[in-house]
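Examining the three-dimensional arrangement
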Amino acid sequence: MKQFKQLVHNEIMKIFRRTATKIMFLLLLTVVIISGLVFRFMIMDNTVDDAAAGENGVSINIAAENDELSPGEQRQLEEQLLLQQYYEAEGVEPLTAEHVWNFVIANADTLSFITMFTVIIAAGIVAGEHTQGTIKLLLIRPVKRWKILLSKWTATMLFSFTMLIALIAFSWIVGLLFFQFNIGPSRWIEVVQGEIRDWHAGYYALIEYGLNFVSVIIMTTFAFMIGTVFRNTSLAIGLSLVAMFTGGQIVYLLSQYDWIKYVLFANTNLIQYVYNNPMIEGMTMPFSITMLSVYFAVFLAIATITFSKRDVAE
Amino acid sequence: MHPAIELNQVSKIINKKKIINDISLSVFPGEVFGLLGPNGAGKTTTIRMIVGLMKTTSGSIYINGQNLASNFEKALSNVGAVVENPELYSFLSGWHNLKHYQRMAPGVTNERLAEVIQLVGLNERIHDKVKTYSLGMRQRLGLAQALLHQPKVLILDEPTNGLDPAGIREIRDYLRQLAEKENICVIVSSHLLSEMEKMCDRIAVIQKGEIIRVEKVADFVQHNKNEWFLEVTPAKKALAVARTITSNVSAEESGITVKLDKQQIPLLVSKLVAAQISVFMIRPAKQNTLEDQFLSITGGENVETV
């Protein structure tokens, strides 16, 4: 165990002492700041107007009486009405647009930057040692290869987790600075399948970031495997990012077939279960978690086996 | 004495091609052992198999009595190596490179780290990034990482490559000292044949994946000890005179080559002089350096003789 800790320490050192890594953190901060600016000066101004209109309960009633509404709009209005009633009955206020938690929650999409950065690290952590030739002096140590590989994977995940923490911290700080230290009432109330759900905003944010992070783990493990097997950083980055950006769409297009639920990308979006609204009928959270675990184990097994068996030569 | 390294009928097949064919070899503690062979003969493959970078197709390798295949960690804890050019992490400092390898070998203290840095003479630049190092400095750092855990077997591929003459001499003396004083088994491969001659106790000549010869350096270079070259004019006449002493005579471009005992040389010279032949120079015939030996063994194939 001590040995493994030392190995992870080495890999962490090699990740964090690179200039590229420092740039990644700077980019992440920049993204959060830009997102904060956009939120503060463009989106927020609009939502404030909407909110003002929405508070006027009369308008909802008038609209609801209008038969020309589509079923979707109808449902939306009903949900809004439900929310209004809940707010009044419970005496709570909805999370305002300029609330810090609201910004943090809305900012969860920036997690895809973390996926991208971690994919880059994961793709290069083995392949890079091959291209630079440093793999030779690394593998002549009295350490079994699978331990070295696992330490590299662990370090990649620690890097990713550090980025996640940094993202949440950046979002909080930027949120506080841009939205006048608004940390007042913080409840995240939504209508899910016709029922009111009332969560603490922090809890919701944790669930949202946590579930999204699961897909970060699986995508970066995929990149890690490709990089290990093909010893080519660019190929691993390319394949992983293409898969990440198109995978969801392909699954959506083929969602009428039953077998599609066994495809990785049908399962990576765990958030869908929080809304009880899976893309494919009949899929459940435990099913997706099982599928993800299987894919994950297969990726790591392929990487470990190839890495352990490989003859290192130019 | 138990061998520090033992190869038993080791073969390696890559893409159905036999790269290494049934090599058996024992190298002992306190010995500097050279691997010699033209490019592509299988030197590097042999070294890669010993340090665990490649697996043997058949046969077994023992390091300090430990089977490399079944007891990988124990076997390799006795080995320090530089395989080809020392490729280190260029974005890290020399210090962090060594820290990296320190963490991968149990029991390497910080004192040992400082000692090794001192030894290879990198004190002043150790905290600079490796990308700013010269080839010679990288070579030194490579040596430092190989020595860090005080291995019983030291394997160096082209150890003097990129060093200046003073550095080469330093390394050579140091390797000899390691072998003699600390009883370490040192295995070197080099294309600098003259270097091998000065450094090694024994040499194995590898060609086409087979060991064609293992010999002590002293024996190696003495094969044609009693052959002499004489620069003389006229050569034809000299040839006839020399034939009166020995039948082992051949004509060369600017003289003759004879094979005879050293004691008989004055006799030959006096006869040549008596026959009015001008003698300009007498020296051992050229077939007596390791290089020439090597060339004659391998048929002069693809070998760098710089």
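Residues numbered from 1 in each chain as written. Chains lettered and ligands numbered in written order. Predicted model: local features only at pLDDT ≥ 70, side-chain atom pairs only at ≥ 80, totals over all residues.

Once that is clear, we can look at the sheet that holds strand β14 (residues 278-284) of chain B. Residue and element names in this part refer to chain B. Taken together, four strands build an open sheet; the order of strands is β12-β13-β11-β14 and the sheet is antiparallel. Edge positions in the sheet fall to β12 (249-251) and β14, since each of these pairs with one other strand and no more. Strand-to-strand twist across the sheet, computed as the mean angle between neighbouring axes with direction ignored, equals 20°. Pairing between β12 and strand β13 (residues 255-259): three bridges, direction antiparallel. Across the sheet, S250 pairs through a bridge with T257, a residue of β13. Of the strands in this sheet, β11 (227-233), β12 and β13 touch helix α9 (residues 235-243), which is tilted by about 15° from β13. On the sheet, helix α10 (residues 265-274) packs against β11, β13 and β14 and is oriented at approximately 160° with respect to β14. (Pairing = 2+ DSSP bridges. Helix = DSSP H or I, 4+ residues; strand = E, 2+ residues; numbered from the N terminus. Axes fitted to C-alpha atoms, helices over the stretch in contact; angles between N-to-C directions. Contact = placed C-beta atoms within 7 Å.)

With 26 residues of chain B in contact, the opposing surface of chain A contributes 21 residues. Elements that contribute at least two residues to the side of chain B that touches chain A include exactly α2 (72-76), β6 (79-82) and α3 (94-104) of chain B. Ranked by the residues each element gives to the side of chain B that touches chain A, the list is headed by α3 of chain B, at five residues. Taken together, the residues of the side of chain B that touches chain A sort by class into 16 nonpolar, five polar and five charged. (Nonpolar A, V, L, I, M, F, W, Y, C, P; charged D, E, K, R; others polar.)

Our next topic: the packing of helix α6 (residues 111-132) of chain A against helix α8 (residues 145-178) of chain A. Residue and element names in this part refer to chain A. Here α6 crosses α8 at 160°, and the two axes come no closer than 10 Å. Taken together, α6 and α8 sit at an angle that is classed as roughly antiparallel. Crossing geometry of α6 relative to α8 is assigned as right-handed. On the side of α6, the interface is formed by L111, I114, F117, T118, I121, A122, I125 and V126, while α8 contributes K152, T156, F159, S160, M163, L164 and L167. (Parallel < 35°, antiparallel > 145°, perpendicular 65-115°, else oblique. Left-handed = near helix turned anticlockwise from the far one by under 90°.)

With that out of the way, let us pick up the domain arrangement of chain B. Domain annotation of chain B identifies domain 1 (5-220) and domain 2 (227-284). With centres defined by C-alpha atoms, the gap from domain 1 of chain B to domain 2 of chain B works out at 46 Å. (Domains from an automatic or database assignment.)

Once that is clear, we can look at the sheet that holds strand β8 (residues 185-189) of chain B. Residue and element names in this part refer to chain B. The strand order across the open sheet formed by six strands is β6-β7-β8-β3-β9-β10, and the pairing between neighbours is mixed. Edge strands, defined here as strands with exactly one partner in the open sheet, are β6 and β10 (210-216). Averaged over all pairs of adjacent strands, the angle between strand axes in this sheet comes to 15°, irrespective of strand direction. Each of β6 and β7 (153-157) is contacted by helix α5 (residues 135-147), which is oriented at about 165° to β6, the strand it contacts most.

All names here are of chain A. Relative orientation of the contacting elements α8 and helix α9 (residues 201-230) amounts to 145°, with a least axis distance of 11 Å. Handedness of the crossing formed by α8 with α9: right-handed. Where α8 abuts α9, its residues L149, W153, T156, M157, S160, L164 and I168 lie against Y209, F213, V216, I217, T220, F224 and T228. Here the residues of the contact of α8 with α9 sort into 10 nonpolar, four polar and no charged.

Right, let's get into the UniProt feature "transmembrane region" (unreviewed entry) in chain A. All names here are of chain A. UniProt annotation of "transmembrane region" (unreviewed entry) refers to residues 23-43, 110-128, 149-181, 201-226, 233-253 and 287-307 when read in the numbering used here. For residues 110-128, the end-to-end C-alpha separation is 26 Å, with 95% helix and 0% strand making up the annotated structure. Taken end to end, residues 201-226 has its terminal C-alpha atoms 38 Å apart, with 100% of it in helix and 0% in strand. (UniProt positions renumbered as here; feature names shortened; annotations may be inferred.)

Looking now at helix α4 (residues 110-120) of chain B. All names here are of chain B. Of all the positions in α4, only V116, I117 and V120 are classed as buried. Down the axis of α4, the smallest arc covering the buried residues is 100°, so these residues share one side. Those residues of α4 that are exposed and angled more than 90 degrees off the buried face are E111 and Q118. Where α4 is buried, its residues meet α5. Residue G121 follows α4 closely and has a positive phi angle near 70°. (Buried ≥ 20, exposed ≤ 12 C-beta atoms within 10 Å, placed from the backbone. Arc of directions from axis to C-beta.)

Here we take up the nonpolar core. A123 and A223 of chain A together with V51, A144, I155 and V186 of chain B are the most contacted members of the largest nonpolar core, which has 128 residues in total. Here this core gets 13 residues from one element, more than from any other, and that element is α9 of chain A. If you look at the next biggest cluster of nonpolar residues, it comprises 11 residues, including L230, A242, I256 and L268 of chain B. (Core = buried A, V, L, I, M, F, W, Y, C linked by C-beta atoms within 7 Å.)

Another point: the confidence of the model for chain A. Residue and element names in this part refer to chain A. When pLDDT is averaged along chain A, the result is 85, and 88% of the positions lie at 70 or above. For chain A, helix α3 (residues 57-65) is the element with the lowest average pLDDT, namely 51, and helix α1 (residues 2-16) is the one with the highest, namely 96. Here residues 51-58 scores under 50 on pLDDT; set against residues more than four positions off or in separate chains, the count is four contacts. (pLDDT = per-residue confidence, 0-100.)

All names here are of chain B. Going from T233 to P234, the amide bond is cis rather than trans, its omega being -10°. Structurally, P234 can be placed in the loop between β11 and α9. For N64, which is not glycine, the phi dihedral falls at a positive 55°. Following the sequence through the fold, N64 ends up in the loop between β4 (58-63) and β5 (66-67).

Right, let's talk about helix α13 (residues 285-309) of chain A for a bit. The end-to-end C-alpha distance of α13 of chain A is 36 Å, a good match for the 36 Å that 25 residues give at a rise of 1.5 Å each. Where α13 of chain A is buried, its residues touch α6, α8, α9 and α11 (264-267) of chain A. (Expected span 1.5 Å × (residues − 1).)

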